[in-house]
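Single-letter residue listing:
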Amino acid sequence: SRIEAGARELRGVLNPLYQALQHIYGEIDAMGVADGAASPHTSAAWEQWKQRLGGATARAIDALRLHGEMNQTQLRIILGCATRTVTNVVAALNQAKLIDKNGGKISLKEL
C-alpha cells in the first residue's frame with residue numbers, strides 16, 4: 001500500500017540518522033557521562049549487556065533506553081527488522097531478566 005511504501009521510504013531516509021544518534025549516545029554512555037537519570041555505573045552495565053547480547057538485541061537496549069516503554073510493533077519499526085527478529089530480541093531480553101512487561105508494552109528494568 002502507499003502507507004507501507006511511504007513508511008519504508010521514510011525509514012530508509014531516517015535510518016542513517018537514527019544509527020548515527022545511537023552511536024553518539026553509545027559513545028557518551030561509554031564515557032560515563034550521566035544525564036541525571038542514569039549513573040555512569042548504570043551506563044557501563046548496559047554497555048556490558050549490549051556487548052554480551054549483540055546485534056538487534058543491543059540496538060533494542062539503546063532504543064528502549066532512549067524511548068522508554070513501547071510495544072513490540074513500535075520496537076520493530078525503530079529497529080527496522082522483521083516481526084520474528086523482534087520476537088527473538090524480546091525473548092532474549094526476557095531470558096536475561098532485563099525487561100518488564102506491562103500490558104503488551106516492554107521496558108528495561110533498573111540495573
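Just so we're clear, the structure is a prediction, and the values are computed from it rather than from any experiment.

Scoring rules and cut-offs
Residues numbered from 1 in each chain as written. Predicted model: local features only at pLDDT ≥ 70, side-chain atom pairs only at ≥ 80, totals over all residues. Heavy atoms only, no water. Helix = DSSP H or I, 4+ residues; strand = E, 2+ residues; numbered from the N terminus. Buried < 20%, exposed > 50% of the residue type's maximum accessible area, 1.4 Å probe, protein only. Contact = heavy atoms within 4.5 Å. Core = buried A, V, L, I, M, F, W, Y, C linked by side-chain atoms within 4.5 Å. Axes fitted to C-alpha atoms, helices over the stretch in contact; angles between N-to-C directions. Parallel < 35°, antiparallel > 145°, perpendicular 65-115°, else oblique. Left-handed = near helix turned anticlockwise from the far one by under 90°. Nonpolar A, V, L, I, M, F, W, Y, C, P; charged D, E, K, R; others polar. Pairing = 2+ DSSP bridges. Salt bridge = Lys/Arg side-chain N within 4 Å of Asp/Glu carboxyl O.

J.: How should I be thinking about the overall build of the chain in this particular structure?
T.: Along its length, the chain carries five helices and three strands. Along its sequence from the N terminus, the chain presents helices and strands in the succession α-α-α-β-α-α-β-β. Burial status across the chain gives 30% buried among its 111 residues. By sequence separation, contacts in the chain at least 24 residues apart represent 49% of the contacts at least 6 residues apart.

J.: Please clarify how the nonpolar core should be interpreted in this entry.
T.: Here is a general trend for soluble globular proteins: nonpolar side chains tend to be buried in one another's company. Leu-64, Leu-75 and Leu-93 are the most contacted members of the largest nonpolar core, which totals 20 residues. Going through the elements one at a time, α2 (40–53), α3 (55–67), α4 (72–79), α5 (83–95) and β3 (105–108) are the ones with two or more residues in this core. Counting residues per element, this core draws most heavily on α3, which supplies five residues.

J.: What's the story with the packing of α3 against α4 in this structure? I'm lost.
T.: In a pair of packed helices, the angle between the axes and the distance between the axes together describe the arrangement. For the pair α3 and α4, the least separation of the axes is 10 Å and the interaxial angle reads 110 degrees. On the basis of their axis angle, the class for α3 and α4 is roughly perpendicular. Here α3 runs over α4; the crossing is right-handed. On α4, the residues that touch Ala-56, Arg-59, Ala-60, Ala-63, Leu-64 and His-67 of α3 are Leu-75, Ile-78 and Leu-79. In terms of residue class, the contact of α3 with α4 is made up of seven nonpolar, one polar and one charged.

J.: Sorry if this is basic, but what is going on with the sheet that holds strand β2 (residues 99–102) here?
T.: Picture the strands of a sheet paired through backbone hydrogen bonds; they go either parallel or antiparallel. Spatially, the three strands line up as an open sheet ordered β1-β3-β2, and their pairing is antiparallel. This sheet does not close on itself; its edge strands, each paired only once, are β1 (70–71) and β2. Seen against the sheet, α3 touches β1 and β3 and runs at an angle of roughly 95 degrees to β3.

J.: Just checking my understanding: could you explain the pattern of salt bridges for this structure?
T.: Two side chains carrying opposite charge are able to pair once their charged atoms lie near each other. Applying the stated criterion across every chain, the model contains three salt bridges. Linking Glu-47 and Lys-50 is a salt bridge whose minimum nitrogen-to-oxygen distance equals 2.9 Å. Of this pair, Glu-47 and Lys-50 both sit in helix α2, three residues apart, which is roughly one turn of the helix. Taken individually, Glu-47 and Lys-50 each receive the classification buried, so the pair is uniform in this respect. Linking Lys-50 and Asp-62 is a salt bridge whose minimum nitrogen-to-oxygen distance equals 2.7 Å. On the criterion of sequence distance, the pair formed by Lys-50 in helix α2 and Asp-62 in helix α3 is long-range, its members being 12 residues apart. For Lys-50, a relative accessible area of 10% corresponds to the buried category. For Asp-62, a relative accessible area of 16% translates into the label buried. Within this structure, Glu-47, Lys-50 and Asp-62 form a network of salt bridges that share partners.

J.: Mind showing me how you'd approach the environment of Ala-45 here?
T.: Take Ala-45: it is sitting in helix α2. When its relative accessible area of 15% is taken as the criterion, Ala-45 is described as buried. Residues Ala-45 and Leu-111 lie 66 residues apart in sequence; the distance between their C-alpha atoms is 7.4 Å.

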